[in-house]
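# Chains, contacts and geometry: an overview
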Amino acid sequence: MSFFAICFDIRNPQRLRKVSDELENFGTRVQRSLFECHLEEAELDELKERIARLIDENEDHVRYYPLCPKDMPDIIIDGPGKKTMDSDYYML
């Protein structure tokens, strides 16, 4: 399981909505154009394939930033919000 910050800039409102909806299937929206996702390698591959089918590669940008688990305790949040966790691995 790996932790990813996925951000995007989608030019067309219809494509933007579709990309956002797809990302909501895989992670948690933490800002308007930023999701945090806890993904297995196969899930990441599937997400990237789905997103690639939705975007216009000449106009849109999607970035996948892998984050090291050791860095998660150092995430700083100013304002409302909380750190995301993978519900499959954490019990509250």
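If you're wondering where the values come from, they're calculated on a predicted model, not measured in any experiment. (Residues numbered from 1 in each chain as written. Predicted model: local features only at pLDDT ≥ 70, side-chain atom pairs only at ≥ 80, totals over all residues. Heavy atoms only, no water.)

This part takes up the overall build of the chain. In terms of regular secondary structure, the chain is built from 2 helices and 4 strands. Going residue by residue from the N terminus, the α and β elements of the chain occur as β-α-β-β-α-β. The C-alpha atoms of the chain give a radius of gyration of 14 Å, which matches the 12 Å a tight globule of 92 residues would have. Counting only C-alpha atoms, the chain reaches 40 × 30 × 20 Å along its principal axes. Here the chain holds 92 residues, and the buried ones make up 28% of them. The contacts of the chain with a sequence gap of at least 6 include a subset with a gap of at least 24, amounting to 69%. Per element, the accessible surface of the chain, about 6,800 Å² overall, is 48% carbon and sulfur. Of note, the chain has its 13 positive side-chain charges centred 6 Å away from the centre of its 20 negative side-chain charges. (Helix = DSSP H or I, 4+ residues; strand = E, 2+ residues; numbered from the N terminus. Rg over C-alpha atoms; globule rule 2.2 N^0.38 Å. Buried < 20%, exposed > 50% of the residue type's maximum accessible area, 1.4 Å probe, protein only. Contact = heavy atoms within 4.5 Å. Areas by Shrake-Rupley, 256 points an atom, 1.4 Å probe, with all protein chains shown as cover. Lys, Arg positive; Asp, Glu negative; His and termini not counted. Charge placed at Lys NZ, Arg CZ, Asp CG, Glu CD.)

Moving on to the pairing of strand 1 (residues 2-9). In the sheet, strand 1 pairs with strand 3 (residues 34-39) via 6 bridges, with the strands oriented antiparallel. Pairing of Ile6 across the sheet is with Phe35, part of strand 3. Where strand 1 meets strand 4 (residues 61-67), 7 bridges bridge the pair, whose relative direction is antiparallel. Residue pairing for strand 4: Phe3 is matched across the bridge by Leu67. (Pairing = 2+ DSSP bridges.)

As a further point, take the pairing of strand 3. For strand 3, a buried count of 5 out of 6 residues is recorded, marking the element as mostly surrounded by other parts of the structure. Bridge count for strand 2 (residues 28-31) against strand 3 is 3 bridges, and the pairing is antiparallel. Note on strand 3: the bridge partner recorded for Arg29 is Phe35. Here strand 2 folds back onto strand 3, and the loop between the two strands holds 2 residues.

This part is about the side chain of Asp60. Among the structural elements, Asp60 can be located in the loop between helix 2 (41-54) and strand 4. For Asp60, a relative accessible area of 4% translates into the label buried. A polar atom in the side chain of Asp60 sits 2.9 Å from the backbone nitrogen of Arg11. (Polar contact = N/O pair within 3.5 Å; in protein donor to acceptor, adjacent residues only side chain to side chain.)

Looking now at the sheet that holds strand 1. Strand order in the open sheet made by the 4 strands is 2-3-1-4, with antiparallel pairing throughout. One side of each edge strand has no neighbouring strand; the edge strands of this open sheet are strand 2 and strand 4. Within this sheet the neighbouring strands show an average axis-to-axis angle of 30°, counted without direction. Contacts between helix 1 (residues 13-24) and the sheet are confined to strand 1, strand 2 and strand 3, with strand 1 contributing the most and set at about 170° to the helix. (Axes fitted to C-alpha atoms, helices over the stretch in contact; angles between N-to-C directions.)

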